[in-house]
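# Residue-level structural notes
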Amino acid sequence: PPENNAPQHPPSRSRFAGMQRDPTAQELAIMDDMITKLSNAKPYELPNAVSRAIRVVSTPRFFLRIAERADKATDPSEKAKLSALADNLVTTIQAVVSMTEENLDE
């Protein structure tokens, strides 16, 4: 039998599995900064902010981070603000995506 001295590697994880990794401290800081800015933004400012950062704010991880922050918040008004942000983001993302699709159809 042929000698096989090569180390055995586990099968490589798919790229999709790689997206499930925990965010780095830097990524969390960026998300937290965005969450803080968005939660303090006026409702009419959200569509513009969301369209600029759609790749981040539309990820499940971003919503998970909002939920984590809401869970940790001790101030009821902060909890309410984060909860409202999550609701507003869902609506705003849907609107931004449908506007983008309409623009692509023209």
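Each remark here, short or long, concerns the structure printed above.
Residues numbered from 1 in each chain as written. Predicted model: local features only at pLDDT ≥ 70, side-chain atom pairs only at ≥ 80, totals over all residues. Heavy atoms only, no water.

### Regarding the overall build of the protein
- On a plain count of helices and strands, the protein comes out with six helices and zero strands.
- Along the protein, helices (α) and strands (β) appear in the sequence α-α-α-α-α-α when read from the amino end.
- Relative to its full complement of 106 residues, the protein shows a buried share of 23%.
- Counting only contacts in the protein whose residues sit at least 6 apart along the sequence, the fraction spanning at least 24 positions is 64%.
- Accessible surface, the protein: about 8,100 Å² in total, of which carbon and sulfur atoms supply 57%. (Helix = DSSP H or I, 4+ residues; strand = E, 2+ residues; numbered from the N terminus. Buried < 20%, exposed > 50% of the residue type's maximum accessible area, 1.4 Å probe, protein only. Contact = heavy atoms within 4.5 Å. Areas by Shrake-Rupley, 256 points an atom, 1.4 Å probe, with all protein chains shown as cover.)

### Examining the packing of helix H2 (residues 25-40) against helix H6 (residues 76-105)
- With their axes 9 Å apart at the nearest point, H2 and H6 run at an angle of 90° to one another. The angle between H2 and H6 places the two elements in the roughly perpendicular class. Within the contact between the two elements, H2 uses Ile35, Leu38, Ser39 and Asn40 and H6 uses Lys81, Leu82, Leu85 and Leu89.
- By residue class, the composition of the contact of H2 with H6 is five nonpolar, two polar and one charged. (Axes fitted to C-alpha atoms, helices over the stretch in contact; angles between N-to-C directions. Parallel < 35°, antiparallel > 145°, perpendicular 65-115°, else oblique. Nonpolar A, V, L, I, M, F, W, Y, C, P; charged D, E, K, R; others polar.)

### Here we look at helix H5 (residues 60-72)
- In this model, H5 (13 residues) spans 18 Å end to end at C-alpha, consistent with the 18 Å of a helix rising 1.5 Å per residue.
- Buried within H5 are the following residues: Phe62, Arg65, Ile66, Arg69 and Ala70. The buried residues of H5 occupy an angular sector of 135° when the element is viewed end-on, so they sit on one face. Among the exposed residues of H5, those pointing more than 90 degrees away from its buried face are Pro60, Asp71 and Lys72.
- On its buried face, H5 is in contact with H2, helix H4 (54-57) and H6. (Expected span 1.5 Å × (residues − 1). Arc of directions from axis to C-beta.)

### A closer look at the nonpolar core
- Leu38, Val57, Phe62, Ile66, Leu85 and Leu89 are the most contacted members of the largest nonpolar core, which totals 18 residues.
- Breaking this core down by element, the ones donating at least two residues are H2, helix H3 (46-52), H5 and H6. (Core = buried A, V, L, I, M, F, W, Y, C linked by side-chain atoms within 4.5 Å.)

### Notes on the environment of Ala53
- Mapped onto the fold, Ala53 is located in the loop between H3 and H4.
- Separated by 19 residues in the primary sequence, Ala53 and Met34 place their C-alpha atoms 8.9 Å from one another.

Interpretation note: all reported values are geometric properties and have no functional meaning in isolation.
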